[in-house]
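Each chain, letter by letter, is given below.
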Amino acid sequence: MTKRTGAGKTYYQSEIGFLEILGTEAGISYINFVDEEKVKEDPAEIPALLAEGVRQLDEYFKGKRKEFSLKLRPGGTDFQQRAWQELQRIPYGETISYGQQAERMGNIKACRAVGGANGRNPISVVIPCHRVIGKDGSLTGFGSGTWRKEWLLNHERKFK
(Lines give C-alpha, C1' and ligand atoms only; values in the text may rest on other atoms or scores of the structure.)
Protein backbone atom coordinates (compact mmCIF):
# COMPACT_ATOMS: atom_id res chain seq x y z
CA MET A 1 0.00 0.00 0.00
CA THR A 2 1.07 3.54 -0.61
CA LYS A 3 0.88 6.38 1.83
CA ARG A 4 -1.16 9.47 1.14
CA THR A 5 1.90 11.75 1.19
CA GLY A 6 4.35 9.54 -0.73
CA ALA A 7 4.65 8.01 -4.17
CA GLY A 8 1.68 6.06 -5.29
CA LYS A 9 -0.07 4.05 -7.91
CA THR A 10 -3.73 3.60 -8.60
CA TYR A 11 -6.04 2.54 -11.43
CA TYR A 12 -9.05 3.95 -13.16
CA GLN A 13 -11.40 1.66 -15.06
CA SER A 14 -12.60 3.40 -18.20
CA GLU A 15 -14.92 2.08 -20.89
CA ILE A 16 -11.88 1.17 -22.97
CA GLY A 17 -9.67 -0.39 -20.31
CA PHE A 18 -7.81 0.23 -17.10
CA LEU A 19 -5.56 3.27 -16.79
CA GLU A 20 -2.62 2.98 -14.44
CA ILE A 21 -1.75 6.26 -12.71
CA LEU A 22 1.60 6.90 -11.00
CA GLY A 23 2.92 9.92 -9.18
CA THR A 24 3.45 11.82 -5.97
CA GLU A 25 2.03 15.01 -4.50
CA ALA A 26 4.63 16.80 -6.67
CA GLY A 27 2.87 15.63 -9.83
CA ILE A 28 1.52 12.79 -11.93
CA SER A 29 4.30 11.12 -13.89
CA TYR A 30 2.45 8.35 -15.72
CA ILE A 31 -1.02 7.49 -16.99
CA ASN A 32 -1.37 4.69 -19.47
CA PHE A 33 -3.63 1.82 -20.44
CA VAL A 34 -2.85 -1.59 -18.97
CA ASP A 35 -4.42 -4.94 -19.74
CA GLU A 36 -6.00 -5.34 -16.33
CA GLU A 37 -6.07 -3.82 -12.90
CA LYS A 38 -3.17 -5.21 -10.90
CA VAL A 39 -4.14 -4.19 -7.37
CA LYS A 40 -7.29 -2.87 -5.78
CA GLU A 41 -6.25 -0.01 -3.51
CA ASP A 42 -8.09 1.89 -0.84
CA PRO A 43 -8.56 5.43 -2.22
CA ALA A 44 -7.66 6.80 1.23
CA GLU A 45 -4.18 5.28 0.85
CA ILE A 46 -3.17 6.96 -2.42
CA PRO A 47 -1.74 10.48 -2.73
CA ALA A 48 -4.45 13.12 -3.02
CA LEU A 49 -3.20 14.15 -6.47
CA LEU A 50 -3.73 10.63 -7.81
CA ALA A 51 -7.23 10.57 -6.36
CA GLU A 52 -7.84 13.89 -8.13
CA GLY A 53 -6.52 12.33 -11.34
CA VAL A 54 -9.02 9.50 -11.01
CA ARG A 55 -11.82 12.02 -10.41
CA GLN A 56 -10.89 14.11 -13.46
CA LEU A 57 -10.49 11.05 -15.69
CA ASP A 58 -13.92 9.88 -14.59
CA GLU A 59 -15.40 13.26 -15.52
CA TYR A 60 -13.61 13.12 -18.89
CA PHE A 61 -14.93 9.66 -19.71
CA LYS A 62 -18.44 10.73 -18.68
CA GLY A 63 -18.22 13.69 -21.09
CA LYS A 64 -18.23 16.27 -18.29
CA ARG A 65 -14.58 17.43 -18.51
CA LYS A 66 -12.87 18.89 -21.55
CA GLU A 67 -9.68 20.19 -19.91
CA PHE A 68 -7.56 18.68 -17.17
CA SER A 69 -6.13 20.72 -14.31
CA LEU A 70 -3.59 18.37 -12.77
CA LYS A 71 0.01 18.86 -11.72
CA LEU A 72 1.98 16.83 -14.25
CA ARG A 73 5.63 15.74 -14.07
CA PRO A 74 6.34 13.67 -17.17
CA GLY A 75 9.97 12.66 -17.50
CA GLY A 76 11.55 13.28 -20.88
CA THR A 77 14.05 15.24 -22.94
CA ASP A 78 13.66 18.96 -23.57
CA PHE A 79 12.31 18.20 -27.07
CA GLN A 80 9.81 15.68 -25.71
CA GLN A 81 8.67 18.17 -23.06
CA ARG A 82 8.07 20.80 -25.79
CA ALA A 83 6.17 18.27 -27.91
CA TRP A 84 3.98 17.28 -24.96
CA GLN A 85 3.30 20.92 -24.09
CA GLU A 86 2.17 21.48 -27.68
CA LEU A 87 -0.16 18.49 -27.43
CA GLN A 88 -1.89 20.17 -24.50
CA ARG A 89 -2.70 23.16 -26.73
CA ILE A 90 -4.81 21.06 -29.12
CA PRO A 91 -8.45 21.84 -28.29
CA TYR A 92 -10.77 19.09 -27.08
CA GLY A 93 -12.45 17.32 -29.98
CA GLU A 94 -9.99 18.62 -32.59
CA THR A 95 -7.05 17.02 -34.37
CA ILE A 96 -3.84 18.14 -36.04
CA SER A 97 -1.23 16.28 -38.07
CA TYR A 98 2.30 15.48 -36.95
CA GLY A 99 3.52 18.03 -39.50
CA GLN A 100 1.27 20.71 -38.03
CA GLN A 101 2.56 19.91 -34.56
CA ALA A 102 6.16 20.17 -35.80
CA GLU A 103 5.36 23.48 -37.50
CA ARG A 104 3.79 24.82 -34.31
CA MET A 105 6.99 23.84 -32.52
CA GLY A 106 9.04 25.85 -35.03
CA ASN A 107 10.48 23.10 -37.26
CA ILE A 108 8.22 21.70 -39.97
CA LYS A 109 10.87 19.09 -40.84
CA ALA A 110 10.74 17.57 -37.35
CA CYS A 111 7.51 15.62 -37.92
CA ARG A 112 9.23 12.23 -37.41
CA ALA A 113 10.86 13.46 -34.21
CA VAL A 114 7.47 14.76 -33.08
CA GLY A 115 5.96 11.34 -33.78
CA GLY A 116 8.72 9.74 -31.72
CA ALA A 117 8.16 12.16 -28.83
CA ASN A 118 4.40 11.59 -28.95
CA GLY A 119 5.00 7.84 -28.92
CA ARG A 120 6.92 8.24 -25.66
CA ASN A 121 4.21 10.36 -24.02
CA PRO A 122 3.95 8.90 -20.51
CA ILE A 123 0.64 10.59 -19.65
CA SER A 124 -2.01 9.29 -22.02
CA VAL A 125 -5.40 11.00 -22.39
CA VAL A 126 -4.44 13.98 -20.17
CA ILE A 127 -1.58 14.87 -22.54
CA PRO A 128 -3.70 14.18 -25.62
CA CYS A 129 -1.41 12.51 -28.15
CA HIS A 130 -4.56 10.81 -29.49
CA ARG A 131 -5.44 14.16 -31.11
CA VAL A 132 -2.53 13.90 -33.58
CA ILE A 133 -3.28 12.05 -36.80
CA GLY A 134 -1.59 11.40 -40.13
CA LYS A 135 -1.62 14.21 -42.71
CA ASP A 136 -4.07 12.13 -44.77
CA GLY A 137 -6.43 11.88 -41.80
CA SER A 138 -5.44 8.33 -40.90
CA LEU A 139 -5.27 7.21 -37.29
CA THR A 140 -1.60 6.42 -36.84
CA GLY A 141 0.75 5.94 -33.95
CA PHE A 142 -1.08 5.23 -30.72
CA GLY A 143 0.72 2.79 -28.42
CA SER A 144 -2.50 1.66 -26.76
CA GLY A 145 -4.04 0.69 -30.07
CA THR A 146 -5.65 2.69 -32.85
CA TRP A 147 -9.06 1.38 -31.75
CA ARG A 148 -8.61 3.32 -28.49
CA LYS A 149 -7.45 6.41 -30.39
CA GLU A 150 -10.56 6.20 -32.56
CA TRP A 151 -12.77 5.75 -29.48
CA LEU A 152 -11.21 8.78 -27.72
CA LEU A 153 -11.63 11.00 -30.79
CA ASN A 154 -15.24 9.90 -31.30
CA HIS A 155 -15.91 10.41 -27.59
CA GLU A 156 -14.59 13.97 -27.74
CA ARG A 157 -16.53 14.79 -30.90
CA LYS A 158 -19.69 13.49 -29.26
CA PHE A 159 -19.32 15.82 -26.27
CA LYS A 160 -17.74 18.79 -28.04
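A brief report on the enclosed structure follows. (Residues numbered from 1 in each chain as written. Predicted model: local features only at pLDDT ≥ 70, side-chain atom pairs only at ≥ 80, totals over all residues. Heavy atoms only, no water.)

What to know about the pattern of salt bridges
Which entries qualify depends on this criterion: Salt bridge, as used here: a side-chain nitrogen of Lys or Arg that lies within 4 Å of a carboxyl oxygen of Asp or Glu. Where helices and strands are cited, they refer to DSSP runs of H or I of at least four residues and of E of at least two residues respectively, numbered from the N terminus. A 1.4 Å probe rolled over the protein chains alone gives each residue an accessible area, and that area as a share of the maximum for its type sets the label: buried under 20%, exposed over 50%, partly exposed in between.
Tallied over the entire structure, the rule returns eight salt bridges. For E59, the salt bridge identified is with R55, shortest N-O distance 2.4 Å. Here E59 and its partner R55 are both found in helix α1 (residues 48-61), four residues apart, which amounts to about one turn of the helix. For R55, a relative accessible area of 39% gives the class partly exposed. Between E156 and R131 there is a salt bridge, with the nearest N and O atoms lying 2.8 Å from each other. Within this pair, whereas E156 is found in helix α5 (residues 146-159), its partner R131 is found in the loop between α4 (111-119) and β5 (132-133), the two being separated by 25 residues in sequence. Exposure remark for E156: the relative accessible area of 0% places this residue in the buried category. Classification of R131 by relative accessible area gives buried; the value is 5%. In the salt-bridge network here, residues are joined through shared partners; they are E52, R55, E59 and R65.

Quick notes on the state of the cysteines
Rule in force here: Cysteine sulfur atoms that pair up within 2.5 Å are treated as a disulfide.
For the structure shown, the criterion picks out zero disulfides. With no disulfide of its own, C111 lies closest to C129 among cysteine sulfurs, the gap being 17 Å. Judged by relative accessible area, which is 33%, C111 ranks as partly exposed.

Some thoughts on the sheet that holds strand β3 (residues 27-34)
Test applied: Pairing between strands is defined by DSSP: at least two bridges between the two strands are required. Lines fitted to C-alpha atoms define the axes here, with helix axes fitted over just the stretch in contact, and angles between the N-to-C directions of these axes take values from 0 to 180 degrees. In what follows, a contact means two residues having at least one pair of non-hydrogen atoms within 4.5 Å.
Taken together, the three strands give an open sheet; going across it, the order is β1-β2-β3, and neighbouring strands pair in antiparallel fashion. The open sheet has two edge strands, β1 (8-14) and β3, and neither has a second partner. On average, each strand axis in the sheet is inclined to that of its neighbour by 20°, with strand direction left out of account. Examined bridge by bridge, β1 and strand β2 (residues 17-24) share seven bridges and lie antiparallel to one another. Along β2, the bridge assignment pairs S14 with G17. Lying over the sheet, α1 contacts β1, β2 and β3, oriented at roughly 15° with respect to β1.

A look at the pairing of β1
Consecutive side chains along a regular strand alternate between the two faces of the sheet. Counted residue by residue, β1 has five buried out of seven residues, so it is predominantly covered. Here β1 hands over to β2 after two residues, the two strands then running antiparallel side by side.

As for the nonpolar core
Rules: The set of buried Ala, Val, Leu, Ile, Met, Phe, Trp, Tyr and Cys residues whose side-chain atoms join them within 4.5 Å is what this entry labels a nonpolar core.
Ranked by size, the top nonpolar core spans 35 residues in total, and within it I31, L57, F61 and V125 carry the most contacts. When residues of this core are traced back to their parent elements, those giving at least two are β2, β3, α1, α2 (78-87), α3 (98-104) and α4. For this core, the element with the highest residue contribution is α1, accounting for five residues. Leaving out residues up to four positions away in the same chain, F61 has contacts with Y12, S14, E15, I16, L19, V125, W151, L152 and H155.

Geometry only, nothing functional implied.
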